[in-house]
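Architecture and fold: a report
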Amino acid sequence: MWDVYEPFIKTKRQKELFSLSEHLAAKVRKRAAETDRKGSFSLENLKDLKDTGYVALSLPKELGGEGLSLYEFVLLQEKLAEGDGSVALSIGWHLGIIMEIRDENLWEPSTFEWLCSEVSAHKKIINRAATEPATGSPTRGGIPETRAVANESGYTITGRKSFTTMAEVLDYYLVSAYIDEFDEIGWFLIERNQSGVSVEHTWDTLGMRGTGSHDLVLNGVHVDKSKLVELKASKQEKPIPKGWLLHIPSCYLGIAIAARNEAIEFAKNYQPNSLQTPISEVHHVKEKVGQMDLELLNARHFMYAVTEKWDHYPEERIRLGPELAAVKTIATNAANKVVDLAMRIVGGRGLSKTSSFERYYRDVRAGLHNPPMDDAVIQTLAQRALDDN
Ligand SMILES: Cc1cc2nc3c(=O)[nH]c(=O)nc-3n(C[C@H](O)[C@H](O)[C@H](O)COP(=O)(O)OP(=O)(O)OC[C@H]3O[C@@H](n4cnc5c(N)ncnc54)[C@H](O)[C@@H]3O)c2cc1C
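The residue numbers shown here count from 1 along each chain, following its written sequence. Owing to the predicted nature of the model, reporting of local features is limited to residues with pLDDT of at least 70; listing and counting of side-chain atom pairs is limited to 80 or more, with chain, interface and lining totals taken over all residues. To get the side-chain values, all heavy atoms of the structure are used, and hydrogens and water are removed first.

1. Remarks on the overall build of the protein
- Scanning the protein from terminus to terminus reveals 10 helices and eight strands.
- A radius of gyration in this sense is built from C-alpha atoms; the matching globule rule multiplies 2.2 Å by the number of residues raised to 0.38. For the protein, whose C-alpha radius of gyration is 21 Å, the value lies close to the compact-globule estimate of 21 Å for 389 residues.
- For the protein, the spread of C-alpha atoms along the three principal axes comes to 80 × 50 × 40 Å.
- We call a residue buried when its accessible area falls under 20% of the maximum for its residue type, exposed when it is over 50%, and partly exposed in between, using a 1.4 Å probe and counting protein chains only. Expressed as a percentage of the 389 residues in the protein, the buried residues total 53%.
- By definition in these notes, contact holds between two residues if any of their heavy atoms fall within 4.5 Å. In the protein, 75% of the contacts between residues at least 6 apart in sequence involve partners at least 24 apart.
- Only the protein chains shown count as cover for residues, and all accessible areas are computed by the Shrake-Rupley method using a 1.4 Å probe. Of the roughly 17700 Å² that the protein leaves accessible, carbon and sulfur atoms contribute 52%. Elements are defined by DSSP. Helices are runs of H or I of four residues or more, strands are runs of E of two residues or more, and each kind is numbered from the N terminus.

What follows is the structure in structure tokens.
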């Protein structure tokens, strides 16, 4: 079968990094059905991600990592998601957040260096906990109901975060909270084992069950002042586009590739006794195969082109927001279409709980509810088109 990754692996380094992802994808694929059933993040997968050094890839080279570029990040994540989308999305948050802090110099250098040593030497993992029941997606601009109240030695934080991916296995939560003292939103670094921190098992969803995105509850958690690591730059003139969020489209495209490959394999090997050939020779099946590849070519060439632009023209990044957003919408919708087509090829068998197709179908749906959401993307594009300057 034609290898869909081949056109995008261009250098020796990309090939080497990709083989690590390939190795991990094969491992996590074997556990995908079980983690989906359990609805929690697999400890075995976590061990593999740590043992292979995958969790450290986006750290700067001089601080123990590989200084992953956005292109490399997207390439590796797409392959990993082919094995299990939940694993890719989850570890994608961790790797992407490090990339974001690295590239935007968001933290005090000494604090970032400390985090890098936690990741490279002790394989610690981190994720942002931003979503709340009352704000919904933080990208809509809602003010967190989680409050950080200043006191003599630091802050006391109370609130609840929903959708906290890997909540049970994270070492550090990066929690957004409204700070009365500054009338600003800030981000606090909170440890899992700190007093007042607990995880409530609320994650019982249709798709991406293996992300274990439970509620994080903060009940009077005390942190010292140094743990306020970011203040939201509300006075910033133009927000800096977030290239690292392309791990989201790459994840859902990886799931779609898994469905595409399995559907093609099935079509080439399934010959009902009403036919003289496998169903791959039947016109309507061929058409669906072609349509799947049309969707994937369109989304993936666009995604990789924008990613290359991000990496090679840093001065252009500030203007790339609408393109990044468009990649997400095109890719996640294409991924939904591809999985749907794959399931039409496979037929009723794909509905079985023993088939991976029904998991792909559920998982890929979640992409619509990761940021940025489709309506916001369309508004962004319209606004740019209609603006006078
Ligand atoms: C698998 C998965 C993993 C996730 N992991 C994390 C994580 O690790 N950390 C984290 O913080 N979050 C995480 N999230 C949360 C995610 O980023 C969103 O915050 C969450 O899905 C809620 O977004 P929503 O659009 O469904 O909800 P809402 O924002 O509540 O929207 C609900 C509906 O209201 C509409 N709506 C709401 N506000 C507006 C508005 N201002 N203008 C127009 N329409 C509006 C929406 O279009 C939608 O139709 C995860 C989500 C998923 C699915």
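2. Quick look at the pairing of strand β2 (residues 147-150)
- At least two DSSP bridges between two strands are required for those strands to pair. Inspection of the sheet shows β2 paired to strand β3 (residues 154-164) by four bridges, in the antiparallel sense. Looking at β3, one finds that Ala148 is bridged to Ile157.
- Between β2 and β3, which follow one another and run antiparallel, lie three residues.
- Across two bridges, β2 lies against strand β4 (residues 172-179) in parallel orientation. Paired with Arg147 across the two strands is Tyr178, which belongs to β4.

3. Some words on the pairing of strand β1 (residues 126-129)
- In β1, alternate side chains face the same way, and those of Ile126 and Arg128 on one face and Asn127 and Ala129 on the other are all buried.
- The sheet contact formed by β1 and β4 spans four bridges and is parallel. Among the inter-strand pairings, Asn127 is bridged to a residue of β4, identified as Tyr173.

4. Remarks on the nonpolar core
- Within the largest apolar cluster, 108 residues are counted, with the highest numbers of intra-cluster contacts made by Leu49, Tyr54, Leu80, Trp107, Phe188, Ile190 and Tyr252.
- Looking at which element gives the most residues to this core, the answer is helix α6 (residues 247-269), with 13 residues.
- Beyond its immediate stretch of four places on either side in the chain, Leu80 contacts Ser21, Leu24, Ala25, Val28, Leu49, Tyr54, Val87, Ala88 and Ile91. We define a nonpolar core as any set of buried Ala, Val, Leu, Ile, Met, Phe, Trp, Tyr and Cys residues linked to one another through side-chain atoms lying within 4.5 Å.

5. Considerations on unusual backbone geometry
- Residue Pro372 is reached from Pro371 by a cis peptide bond, and omega for that bond is -10°.
- Notably, Phe163 is not glycine yet its phi reads approximately 55°, a positive angle.
- Mapped onto the secondary structure, Phe163 falls in strand β3.
- Relative accessible area serves as the criterion here: at 53%, Phe163 is assigned to the exposed category.
- Positive phi outside glycine occurs at Asp183, with the angle close to 55°.
- Inspection of the secondary structure puts Asp183 in the loop between β4 and β5 (184-191).
- Using a relative accessible area of 53% as the deciding quantity, one classes Asp183 as exposed.

6. Some words on the domain arrangement of the protein
- Under the domain assignment used here, the protein contains domain 1 (6-125), domain 2 (128-231) and domain 3 (243-386).
- Segmentation of the chain into domains, including their bounds, is taken from an automatic or database domain assignment. For domain 2 versus domain 3, the separation of C-alpha centres amounts to 32 Å.
- Tallying the contact residues gives seven residues for domain 2 and 11 residues for domain 3.
- Taken together, both faces of the contact between domain 2 and domain 3 bury some 690 Å²; the carbon and sulfur share is 64%.
- Here the quantity called buried area is the accessible surface, traced with a 1.4 Å probe, that two parts lose on coming together, added over both. Of all residues in domain 2, the largest losses of buried area upon contact with domain 3 belong to Arg140, Leu206 and Met208, amounting jointly to 69% of the total for that side.
- One speaks of a salt bridge when a side-chain nitrogen belonging to Lys or Arg is within 4 Å of a carboxyl oxygen belonging to Asp or Glu. One salt bridge connects Arg140 with Asp375, and the closest N-O pair in it is separated by 2.8 Å.
- Under the rule applied, a polar contact is a pair of N or O atoms within 3.5 Å (in protein, one hydrogen donor and one hydrogen acceptor; residues adjacent in sequence only if both atoms are side-chain atoms). For the pair domain 2 and domain 3, the number of links is three residue pairs in polar contact (both at pLDDT 80 or more).

7. Here we look at the side chain of Thr332
- Tracing the backbone shows Thr332 in helix α8 (residues 321-346).
- The class of Thr332 is buried, set by a relative accessible area of 0%.
- A polar atom in the side chain of Thr332 sits 2.7 Å from the backbone oxygen of Lys328.
- Excluding anything up to four places from it in sequence, Thr332 contacts Tyr252, Gly367 and Leu368.

8. With respect to the site of the ligand
- In the neighbourhood of the ligand, 20 residues make up the surrounding shell, with Asn127, Thr131, Ser137, Phe163 and Thr165 lying closest.
- In this structure, Phe163 approaches the ligand through a main-chain N or O atom, which is 3.2 Å from a nitrogen atom.
- Here an oxygen atom of the ligand sits 2.8 Å away from a polar atom, N or O, in the main chain of His369.
- Counting only elements with at least two residues in the shell around the ligand, the list comes to α4 (85-104) and β1.
- Broken down by element, the residue count for the shell around the ligand peaks at three residues, all from β1.
- Residue composition of the shell around the ligand, grouped by class: nine nonpolar, eight polar and three charged.
- Structurally, the shell around the ligand is a two-domain feature, drawing no fewer than three residues from each of domain 2 (128-231) and domain 3 (243-386). When we say a residue is near a molecule or strand, we mean one of its heavy atoms is within 4 Å of it. Polar here means any residue outside two lists: the nonpolar Ala, Val, Leu, Ile, Met, Phe, Trp, Tyr, Cys and Pro, and the charged Asp, Glu, Lys and Arg; Gly therefore counts as polar.

9. Digging into the packing of helix α3 (residues 70-83) against α6
- Only C-alpha atoms enter the line fits that serve as axes; for helices the fit covers just the stretch in contact. Angles between N-to-C directions range over 0 to 180 degrees. At a minimum axis separation of 7 Å, α3 and α6 run at an interaxial angle of 40°. Taken together, α3 and α6 sit at an angle that is classed as oblique. Here α3 runs over α6; the crossing is right-handed. Contacts between α3 and α6 involve Phe73, Val74, Gln77, Glu78, Ala81 and Glu82 from the first element and His247, Ser250, Cys251, Leu253, Gly254, Ile255, Ile257, Ala258 and Asn261 from the second.
- For the contact of α3 with α6, the class distribution of residues is eight nonpolar, five polar and two charged. Any angle from 65 to 115 degrees is called roughly perpendicular, while one under 35 is roughly parallel, one over 145 is roughly antiparallel, and all others are oblique. Two helices crossing with the near one rotated counterclockwise from the far one by less than a right angle form a left-handed crossing, whereas a clockwise rotation gives a right-handed crossing.

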